[in-house]
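Secondary and tertiary structure notes
Chain residues, written in single-letter form:
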2 protein chains.
Amino acid sequence: MQMSLGQLLKMLGLGAVALTLGVEWVNWLARRLRPWRGPQGPLKEVLFFPSPITCTEHLYSPDRTSPCLCPLPHGIDTSFSRLLEHLLSACVSLELCVFSFSQLELSRAVLLLHGRGLAVRVLTDRDYMSITGSQIGALRRAGICVRHELSKVVHMHHKFALVDGRKLITGSLNWTATAVQSNKENVIVTEEPELVQPYRDEFSRLWEANDPANHNHHLPSSTATKGLVTHGNDV
Amino acid sequence: MQMSLGQLLKMLGLGAVALTLGVEWVNWLARRLRPWRGPQGPLKEVLFFPSPITCTEHLYSPDRTSPCLCPLPHGIDTSFSRLLEHLLSACVSLELCVFSFSQLELSRAVLLLHGRGLAVRVLTDRDYMSITGSQIGALRRAGICVRHELSKVVHMHHKFALVDGRKLITGSLNWTATAVQSNKENVIVTEEPELVQPYRDEFSRLWEANDPANHNHHLPSSTATKGLVTHGNDV
């Protein structure tokens, strides 16, 4: 069966259309199969500190209509306001694993999320939880579940947070005013599953390892009652 | 011009072949245009510490044929050996921006890379560079270009490295023996350009900002000669 030039061109034209549609379809399918990916893939954001000090009042109460009258600059995006935004984007849970926590606005954000009924868990360092200005006591008093590194010779030096179990905030930044306002620091915010999952596993592992109830079972009863109950309870 | 059923089928068949070849070609092109991407995209690895102490001798001299006779465990992959491997994979350059640097094996690796002729630059904290056990002096004496945070009131608290300008190593881990062997720490190793590029920019920015030569121009000559030349020279 012979084919005319016209038929050949028509066939090639239809093939090209089919190719274009096919590529589009494959792309569409790839996007549908990975719902967490935006046009550039999962969220990857880097924040550097120190951050300028600006008003962040609108982030705590986005429905507020009256303007804030505080003397700080308003309406400016900073590394710190981005960090707060990511933290306050939590809808379900917040897992926090942080060496030193004394920054008041971050503490206010964590208390706000707890007040909204989110599952908030905080893991911190044994020595640094009781330094001057530490917010760990305030979190505990508010009823937030707090555990600390039980070992007396090891520092829990992580500084990461998991927002709704799918957004990771991690870096060099301790949650202190000095770190936010003075130091040279970095924070990565990402929803990349290959990065988020190991941190989720690490949080679960450390949370269990520092459960004072479990720990007591492995110790002579005298040690358990003497040292760990005071420091190691969850509230 | 009418088309027979046979011609239509042939056309659809050719279209399908063209579609398949086209999709393959697009995938191939995408891979070629992004040579850093493996099957799962760019490298993303998470390392947790503390790390067991094992022999890492083979990483410094991979061509060595005689077995190492040291008493440490051999042939075991640990977080620390992975960190060393990534560091020693450098072929062209190493930019290091680290708050505290006293771990001897990491110092040996940096000295080795410098000895191989790589462009090594180290940026560190003003106060911590002179603590007991700091390796900064040894790096400077070996001729490595070292700068430190010039401000007296600010800490350079980063802990990141850039290997060949395309692999980022960053996290909570200071380059100290305690951090590696005792603390709960995390490190991300990635070649994700969206993460690497901001750190490259930050390193360049901080490197320039802490160039003592530039700094001297902006200060009264008395201040420049008094304080900065002693601490701020590159070697």
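Residues numbered from 1 in each chain as written. Chains lettered and ligands numbered in written order. Predicted model: local features only at pLDDT ≥ 70, side-chain atom pairs only at ≥ 80, totals over all residues. Heavy atoms only, no water.

1. Describing the packing of aromatic side chains
The following threshold applies: Between rings of Phe, Tyr and Trp, where Trp is taken as its six-membered ring, a pair exists when centres lie within 6.5 Å; planes separated by under 30 degrees are stacked, by over 60 edge-to-face, and by other angles tilted. Only DSSP runs of H or I with at least four residues qualify as helices, and only runs of E with at least two residues qualify as strands; both kinds are numbered from the N terminus onward. Think of it in three bands: residues with accessible area under 20% of the maximum for their type are buried, residues over 50% are exposed, and the middle band is partly exposed, with areas taken using a 1.4 Å probe on protein chains only. The rule for a charge over a ring is simple: NZ of Lys or CZ of Arg within 6 Å of the ring centre, and within 35 degrees of the ring normal.
Evaluation of the coordinates by the stated rule reveals 10 aromatic pairs over all chains. Ring geometry for F101 of chain A and W175 of chain A: centres 5.2 Å apart, planes at 80 degrees, overall edge-to-face. With a gap of 74 residues between them, F101 of chain A in the loop between β2 (93-98) and α4 (104-115) and W175 of chain A in the loop between β6 (167-171) and α6 (177-181) connect regions that are remote in the sequence. Look at W175 of chain A and you get buried, because its relative accessible area is 3%. For the pair Y199 of chain A and F48 of chain B, a centre-to-centre distance of 5.3 Å together with 75 degrees between the ring planes defines the contact as edge-to-face. Note that Y199 of chain A is positioned in helix α7 (residues 193-209) and F48 of chain B in strand β1 (residues 44-49), a pairing that runs across two chains. Residue Y199 of chain A shares its accessibility class with F48 of chain B, and that shared class is buried. By way of ring pairs, the aromatic residues F48 of chain A together with F160 and Y199 of chain B are connected into one cluster. The side chain of R108 of chain A reaches across the aromatic face of Y60 of chain A, ending 3.8 Å from its centre. The ring of W207 of chain A carries the charged tip of R121 of chain A above its face, separated from the ring centre by 5.2 Å.

2. Let's talk about α7 of chain A
All names here are of chain A. Going by this rule: What a helix is expected to span follows from its residue count: subtract one and scale by 1.5 Å. The arc in question is formed by the directions pointing from the helix axis toward the C-beta atoms.
Over its 17 residues, α7 extends 24 Å from the first C-alpha to the last, a length consistent with the 24 Å expected when each residue adds 1.5 Å. If you check which residues of α7 are buried, you get L195, V196, Y199, E202, F203, L206 and W207. Along the long axis of α7, the arc covered by the buried residues comes to 130 degrees, so they all point the same way.

3. Points about the confidence of the model for chain A
Residues and elements named next belong to chain A. The following threshold applies: As a per-residue quantity, pLDDT reports the predictor's confidence and falls between 0 and 100. Any two residues having at least one pair of non-hydrogen atoms within 4.5 Å are treated as being in contact.
With 86% of its residues at a pLDDT of 70 or more, chain A has an overall mean of 87. Across residues 218-235, confidence stays below pLDDT 50; counting only partners more than four residues off in sequence or on other chains, it has 29 contacts. Quick note on the complex model: pTM equals 0.78, ipTM equals 0.78.

4. Details of the interface of chain A and chain B
Often, the extent of an interface is quoted as the loss of accessible area upon association of its parts. Rules: For any pair of parts, buried area is found by adding up, for both, the accessible area (1.4 Å probe) each one loses once the two are put together. Note on definitions: salt bridges are taken to be side-chain nitrogens of Lys or Arg within 4 Å of carboxyl oxygens of Asp or Glu.
Facing 45 residues of chain A, the contacting portion of chain B comprises 45 residues. Buried surface at the junction of chain A and chain B, summed over both partners, amounts to about 3,900 Å²; 66% is from carbon and sulfur atoms. Here E194 of chain A makes a salt bridge to K44 of chain B, at a shortest N to O gap of 3.3 Å. The set of elements that each furnish at least two residues to the side of chain A that touches chain B consists of α1 (5-33), β1 (44-49), β5 (159-163), β6, β7 (185-190) and α7 of chain A.

5. Re the relation of the copies chain A and chain B
Which entries qualify depends on this criterion: Superposition of the copies was done by least squares, using only C-alpha atoms of residues whose pLDDT is at least 70 in both.
Note on the identical chains: chain A maps onto chain B by a rotation of 179 degrees and an axial translation of 0.4 Å, with an RMSD of 0.8 Å. When the rotation and shift are considered jointly, the pair of chain copies conforms to a two-fold rotation axis.

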